[in-house]
Amino acid sequence: MTGALSGGRTTRLAVVTVVACVLGLLPGSGSAARDQREARLTAAYDCALPSGVRQVEVAFDATFPGRGVAGKPIRPMAVSVRVSLPRPVVAELLPEGAVSMTGSAAVVMAVAQGRERARAEWADLASAEVQLPARGAVELGLSGDVPYVTVGSGGDVAFRAGKLSLAIDASTASATGSPVVATPARLACVPARGAETLLATVPVDAAASGTPSAPNTGDEGDGDGDGDESSDTPNTPNSPPKGVDTGPQPRAATDVCPAEPPKGRLDPQRLPPVPAGGEVSELEPTSTCAVPVGFATLRKLKSSTLVNDPRGRRVGLMHLAMRLREVRAPGYVEYDHLGDMRLPDAEGTFLTFGFQPTTARIRFEPEPATIVNIIRPGKPPQTRVGYRQHLRLYDVRVNGVPLDVGPRCRTSRPVETQLTGSYPVSEGGLLQGELDIPPLAGCGAHGEDLDALLSGAVSGPGNVLKIRQGRVCGAGSPCTVPELPGL
């Protein structure tokens, strides 16, 4: 701790700063999840068909951060595009006898800040299969991940919808009743003359000058949060872009899944009772992996943190010993798996008091998770994930000045975590639960004890955790990063 801050003012600022770090981390964005805003736009588009230009209605939905920081990515999330195709357009595009259709789309999003301009390609948007109604318009809903945007200076950043390219695959019924996929139809559309195209405007604050990036603490851990900066990582805090940079797709492939399954034992206290007549089998597990991403909400201060940020330099895996145990009974099948979660340290940059730039890092220290998947005929599958973990806070900086919270600032006991969902583990799905955050301990240095003050601000029950587990991938393969769940 340097002499830049002193006495009671040091303690008060430390408390506010560290609390803000715990609840305000959205790695790389500089915006708290509670400040995210939904953006909606419905616009008329002119589409070129062989018979001439026809007009369709296109609706855009996305979630943007309420504010951004220069040099930090701005990422639209929960993006969806709904194209309403009039019946004459459907009849001209699709073959006779079409019964269903799927689609993919690409949208050119014009991004502007002052005189700076760039094009963000919202490609790889895809839809589920849509059954064609007997009459009326057909609505095709498409969604997917889109690139982030980074700007080099402060000022409003505007996102305007542009050209839309649509590819449609139609299925027709054969003489035997089985579906036959027809040749894809393509549709090129542009906003109609005079149509409103502004989807969102994000105000961006100028980056704080002279604020260094957080180095490695050098304390115990597995090295996942070592602060290593790859030379090809775009827009690091020390190298803000010039103008507007639309960046790559944010969900790159993860590390490959290890060949050997993780070692460990299932927690017997987390296993349900064996049903009457049930048979238990201990199996030789296989090595698989999945990516968990989501949000944790701090009830006391009505704020959220992002868990395993899909925009970060590294996206963590949950390594699974798949089917370590199996239970079978009449009308009941249970698969039990062991999960080893090694998530990257979270890092956040934001403005305390609206002007004081603050950075901090949080390390997750989990124990192995016991995962129970129950299948019953005629009922949705049930998934339960239970584990315990410590949360450690370190490397806090206020306006570039280190605020020493010590090397042992973490929850006084493990955080009990129990999540439930309705999906098969192999397919992935949404998990939800509530956390009771224990008091913090070991926080402070050089005679400053912050334990009681921090515990009073953040500890307590009712903190909602929402995690989306991605589809399981096999050993030697990279995993798909799932879409973030809604708050």
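Predicted model, so just to flag it, every value in this text is computed and none were measured.

**Re the overall build of the protein**
Piece 1. When helices and strands are tallied, the protein shows three helices and 32 strands.
Piece 2. Classification of the 487 residues of the protein by burial places 52% in the buried group.
Piece 3. Taking as baseline every contact in the protein between residues at least 6 positions apart, the subset at least 24 positions apart corresponds to 74%.
Piece 4. Counting only carbon and sulfur atoms, one obtains 51% of the accessible surface of the protein, whose full area is about 22100 Å².

**Concerning the pairing of strand β6 (residues 116-127)**
Piece 1. Judged from the nine bridges that link them, strand β5 (residues 98-113) and β6 form a sheet pairing that is antiparallel. If you follow Val-107 over to β6, its bridge partner there is Trp-122.
Piece 2. Hairpin connection of β5 to β6: two residues between the antiparallel strands, including Gly-114 at a positive phi of 60 degrees.
Piece 3. Where β6 meets strand β8 (residues 138-143), two bridges bridge the pair, whose relative direction is antiparallel. Paired with Ser-127 across the bridge in β8 is Leu-142.

**Description of the state of the cysteines**
Piece 1. Scanning all chains against the criterion turns up four disulfides.
Piece 2. Covalent S-S linkage joins Cys-47 and Cys-189, the inter-sulfur distance amounting to 2.0 Å. What sets the handedness of the Cys-47 and Cys-189 disulfide is the S-S torsion sign, and at about 110 degrees it is right-handed. With Cys-47 in strand β1 (residues 37-49) and Cys-189 in strand β12 (residues 185-191), this pair connects stretches of sequence that are 142 residues apart. Grouping residues by exposure puts Cys-47 and Cys-189 together as buried.
Piece 3. In this model, Cys-473 is linked to Cys-479 through a disulfide, with the two sulfur atoms separated by 1.9 Å.

**So, the side chain of Asp-61**
Piece 1. Looking at the secondary structure, you find Asp-61 in strand β2 (residues 52-64).
Piece 2. Overall, the relative accessible area of 14% leaves Asp-61 in the buried class.
Piece 3. Engagement of the side chain of Asp-61 in a polar contact is seen with the side chain of Arg-40, the distance being 3.0 Å.
Piece 4. Here Arg-82 takes part through its side chain, which lies 2.5 Å from a polar atom of the side chain of Asp-61.
Piece 5. For Asp-61, the residues in contact, after removing those within four places along its chain, are Ala-39, Arg-40, Ala-78, Val-79, Ser-80 and Arg-82.

**Overview of the pattern of salt bridges**
Piece 1. One pass over the full model with this rule turns up 16 salt bridges.
Piece 2. Of the charged contacts in the structure, one is a salt bridge between Asp-336 and Arg-325, with a shortest N-O distance of 2.5 Å. Of this pair, Asp-336 sits in strand β21 (residues 332-342) while Arg-325 sits in strand β20 (residues 317-329); the two residues are 11 residues apart in sequence, bridging distant segments of the chain.
Piece 3. Given a relative accessible area of 9%, Arg-325 falls into the buried group.
Piece 4. For Glu-326, the salt bridge identified is with Arg-328, shortest N-O distance 2.7 Å.
Piece 5. Because the salt bridges share partners, they merge into one network encompassing Glu-38, Arg-40, Asp-61 and Arg-82.

**Looking at the environment of Leu-132**
Piece 1. Tracing the sequence through the fold places Leu-132 in the loop between β7 (130-131) and β8.
Piece 2. A residue is classified by how much of its surface remains accessible, and Leu-132, at 17% relative accessible area, is buried.
Piece 3. Look past the residues within four positions of Leu-132 in its chain and what remains in contact with it is Leu-94, Ala-98, Val-99, Ser-100, Met-101 and Val-138.

**Focus: the side chain of Ser-459**
Piece 1. Within the fold, Ser-459 resides in the loop between α3 (451-458) and β31 (460-469).
Piece 2. Polar side-chain contacts of Ser-459 include one of 2.8 Å to the backbone oxygen of Pro-438.

**Examining unusual backbone geometry**
Most peptide bonds take the trans configuration, and most residues that are not glycine carry a negative phi.
Piece 1. Positive phi values are uncommon outside glycine, yet Ala-78 reaches one of about 50 degrees.
Piece 2. For Ala-78, a relative accessible area of 44% translates into the label partly exposed.
Piece 3. Unusually for a residue other than glycine, Arg-323 sits at a positive phi of about 60 degrees.
Piece 4. Tracing the backbone through its elements, the reader meets Arg-323 in strand β20.
Piece 5. Classification of Arg-323 as partly exposed rests on a relative accessible area of 40%.

**Observations regarding the packing of aromatic side chains**
Piece 1. Per the counting criterion, the structure on display carries two aromatic pairs.
Piece 2. With a centroid separation of 6.3 Å and 45 degrees between ring planes, the pair formed by Tyr-45 and Phe-60 is classed as tilted. Of this pair, Tyr-45 sits in strand β1 while Phe-60 is found in strand β2, placing the two residues 15 residues apart along the sequence.
Piece 3. Sitting over the face of the ring of Tyr-335, Arg-323 holds its NZ or CZ atom 4.0 Å from the ring centroid.

Criteria and cut-off values
- Each chain carries its own residue numbering, running from 1 in the direction its sequence is written.
- The predicted origin of the model limits local features to residues at a pLDDT of at least 70 and limits the giving and counting of side-chain atom pairs to 80 or more, whereas totals for whole chains, interfaces and linings rest on all residues.
- The side-chain values count all of the structure's non-hydrogen atoms but skip hydrogen atoms and water molecules.
- The secondary structure listing takes helices from DSSP runs of H or I that are at least 4 residues long and strands from runs of E that are at least 2 residues long, numbered from the N terminus.
- With a 1.4 Å probe rolled over the protein chains alone, any residue whose accessible area is under 20% of its type maximum counts as buried; one over 50% counts as exposed, and the rest are partly exposed.
- Between two residues, a contact is recorded if the distance between any of their heavy atoms is within 4.5 Å.
- Per-residue accessibility takes into account occlusion by the displayed protein chains alone, with areas from the Shrake-Rupley method and a 1.4 Å probe.
- Only when DSSP finds a minimum of two bridges between them are two strands counted as paired.
- Note that a disulfide, as used here, is simply two cysteine sulfur atoms within 2.5 Å.
- In protein, a polar contact means a hydrogen-donor-capable atom and an acceptor-capable atom, both N or O and within 3.5 Å, with residues adjacent in sequence counting only if both atoms are side-chain atoms; elsewhere, any N or O pair within 3.5 Å suffices.
- Definition used for salt bridges: Asp or Glu carboxyl oxygen within 4 Å of a side-chain nitrogen of Lys or Arg.
- Aromatic contacts are taken between Phe, Tyr and Trp rings whose centres are within 6.5 Å, Trp giving its six-membered ring; a plane angle under 30 degrees counts as stacked, one over 60 as edge-to-face, and the others as tilted.
- Two thresholds decide whether a charge sits over a ring: the Lys NZ or Arg CZ must be within 6 Å of the ring centre and within 35 degrees of the ring normal.

Everything listed here is a matter of geometry and, on its own, says nothing about what the molecule does.
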